[in-house]
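Report on the structure
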Amino acid sequence: MSTKVIPPEAIPDQGGYTVSIEGKDYLVMNDAMFTFYRRSMGEFSDFFLALRDEKKILGCRCTSCGIVRVPPFALRCPECNFAPTEMIEVEDTGTMIATPPITYFANSLFQKQVPFGRGRILLKGADTALSINCYTTRGILVPGLIQRGTEMKVVFQDERIGEITDIFCVPAAELTAEQIAKKGLLSSELDWERAVEPQLPESTAENRAGFEKNLYLLESLVAEMNECARARADIAGWSRVILVKSAGGNFIMEIAGEQLKIKPEFAAEPDFIIVCPDLEVLLDGLGYRGSLTQAIMKRDLWISKNSEFTTIFKLERMARSLARSKKE
Amino acid sequence: MSKRVGIVGAAVTPFKARWYEKTYYELAQMAAAEAMADAALEPGDVDAAFFAIYNDIFQRTCIPEHPLQGIIGLQNKFGLRVSNGGATGAYAMSAAHAYLAAGRFKTALVLGVEKATDCFDFMSMSATPEVIKTIGWSGDSFYEQKLGWTAADSYAEVVLAYMDEHPNDLKPEITARISALLSEQVRTNNYAQRQFDQVTPEEVLNSRTVVYPFKELEICVYTEGAAALVLAEEETARAISRRTGQPVVWITGVGEANEHSFAGKNHKIIGRIISHHLAAHRAYEMAGISNPLKAIDVVEVHDAFVHQLEITMAEMGFVPHGRADSLIEDGLILPGGEFLLNPCGGLIYSGHAVGASNIMSAWSARNELIRRKLKTGLVHGTGSTVAQYGAVLILECD
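Heads up: these notes are all about the structure in this document. In this text the structure is predicted, and so the values were computed from the model without any measurement.

From N to C terminus, chain A includes seven helices and 17 strands. Across its three principal directions, the C-alpha atoms of chain A cover 70 × 55 × 40 Å. Across the 328 residues of chain A, 37% fall into the buried class.

All names here are of chain B. At a minimum axis distance of 10 Å, the contact between helix α6 (residues 151-165) and helix α12 (residues 306-315) shows a crossing angle of 60°. By the angle between their axes, α6 is oblique relative to α12. Where α6 crosses over α12, the two elements pack in a sense that is left-handed. In this structure, α6 uses Y155, V159 and Y162 to contact α12, whose residues at the interface are H307, Q308 and I311. Considering only residue class, the contact of α6 with α12 consists of four nonpolar, two polar and no charged.

Attention shifts here to the nonpolar core. In this structure, B:V110, B:L111, B:A228 and B:L229 are the most contacted members of the largest nonpolar core, which totals 222 residues. When residues of this core are assigned to their parent elements, the largest contribution, ten residues, is made by α6(B). Each of two domains, domain 1 (42-189) and domain 2 (205-327) of chain A, supplies a minimum of three residues to this core.

Looking now at the sheet that holds strand β16 (residues 272-275) of chain A. All names here are of chain A. Strand order in this open sheet of five strands is β15-β14-β13-β16-β17, and the pairing throughout is mixed. The open sheet is flanked by β15 (259-263) and β17 (302-303), the only strands paired with a single partner. Pairing analysis gives two bridges linking β16 to β17, with the strands arranged antiparallel. Looking at the pairing, V275 lines up with W302 of β17. With respect to the sheet, helix α3 (residues 205-227) is in contact with β13 (240-246), β14 (249-256) and β15, its orientation differing from that of β15 by roughly 160°.

Reading the values: rules and limits
Residues numbered from 1 in each chain as written. Chains lettered and ligands numbered in written order. Predicted model: local features only at pLDDT ≥ 70, side-chain atom pairs only at ≥ 80, totals over all residues. Helix = DSSP H or I, 4+ residues; strand = E, 2+ residues; numbered from the N terminus. Buried ≥ 20, exposed ≤ 12 C-beta atoms within 10 Å, placed from the backbone. Axes fitted to C-alpha atoms, helices over the stretch in contact; angles between N-to-C directions. Parallel < 35°, antiparallel > 145°, perpendicular 65-115°, else oblique. Left-handed = near helix turned anticlockwise from the far one by under 90°. Contact = placed C-beta atoms within 7 Å. Nonpolar A, V, L, I, M, F, W, Y, C, P; charged D, E, K, R; others polar. Core = buried A, V, L, I, M, F, W, Y, C linked by C-beta atoms within 7 Å. Domains from an automatic or database assignment. Pairing = 2+ DSSP bridges.

Take a look at the structure:
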């Protein structure tokens, strides 16, 4: 099936609604600005065709000063009074020129890809750095895995369409010597660690008692959140069934109708699973004494679908909204 | 010889997360009308309009300034829109200054407006991811947009590269203290989006990571609002000042620089913000300032991110590179310190109505100079990918 340039689920229905403020109604309309393109890649066509068809990375070398720009964004050298350049192939290994940022809260088109890194790799044979997505094959990307100077290998998507996303890079240390040496290494040739649900410690009387205590506190906190208009607004229009597993027991957190509810575990398929060996971590996150995102980064909390960071952010926003409202 | 140019009127609308009650037309009119009233002028007295609007998509139209020309009463007069990323407002002030200094006009209105949160993401049923996407269209369209480029991750690139060079600077406890300090300072800004959102350093440290290394409470918030200034050349400015009883705040220095957007040899130095360094030092030279730390009393720096604020202060010469934490550690910006930094609460607490933001900063700096009887202020704007754009204005109170 072909992939649409706009995700169908991003497109709203025609229509609108009214918002009442101090007794006056204001009309709010669903709307979009949209323009479709058949956009020429022009002078960049060689670069993108080489990615797509030959699994090669091209740069342009100035015929006067010799600087090699990757990507080949200026085909005449502005440093040499616009001297011509020539297209050359550069290697598909290099180093990060700086520690890359990691996006946990992405723009609406990238919510399902988080967390991802984007940094600049200086490929062997190049003088300028290529902006590129950085991933790890070993689970969730956290700070420290990829840093300035980390040796990286460019990997090609199996299905390429002639976009910059046809390539990404992973730390060379995660690959075999053969993989590093191979030109045009494909994503399917990597050993991607699969998301494996962490094992919980064995249930004991002690952690069952801790669970009961923290569950009680959680229920109280959730009741406060449901009383708080600002916190309720954070989950407006959102619904999720979340199975929470912890050392002392399991339960369901349900988001529906601007309410967050704690329920006993039931048979229905959850939208996703949170594994939280110590329930206090979840309690601290929702109580604004810690952060659920940070807990995931530290592996104190595990979620079964990274795309559900969206829900985690909504829960964190509720925590902050309640904390703000309590201060006022 | 160029003419002296001064600020003779200023106004802002409330900065709010959402203005259901107003479109950008009326927000712009509100700020324009109040700025003219502050200068005791009417539309007929104003020669030219400089519109500061960053993003067409936020306003949901191309040429978003065209309806404003008549709405603010300046039909049949000069109108120029400036759009320079986050530095839009600072560049618009710079442009207006240049026209007045050249003698083209006697008076000009600089009007910034942005309506950011009409954008809405129907997948997450929230506005912010769509606001970020809208700004995401500002990344390089061939090589970066499809990688998930955002303003935050592009500024984080610069910050992390700086931290690679200076691992003992920009310490989390210091960035948290700066954010908490700004949250205290915003209390006196009646127009701020988060006037009563005071936070502790611990809350900043506990806030979620949005884009590593930035935490939620270290990032400016998107806002809807407008801000306006009335500028005048010297003779007109002095006449207005006599009528209003308010001193003229002169623009004595202006500097700008835009860096390369690609990084590497002979290109952008990723761990520096050379644009801010050059813009500030060009403005200092024009204003005759040799030591900014001694000469400047109030700084309104564009704080897109606390970490960037710290680097910018180093680039502008207030603290050494690698020792930006001395802003707090040496008490430079603490109460009773060397200078006031973002007394309005900065964009992190006042809000970032992009085209209007730097103009709001100038409004705040002018207020502080007049109210506290201070001599010299600095207003700064940053924008584009990897903090590529920088613009700085030096203000001096009569």
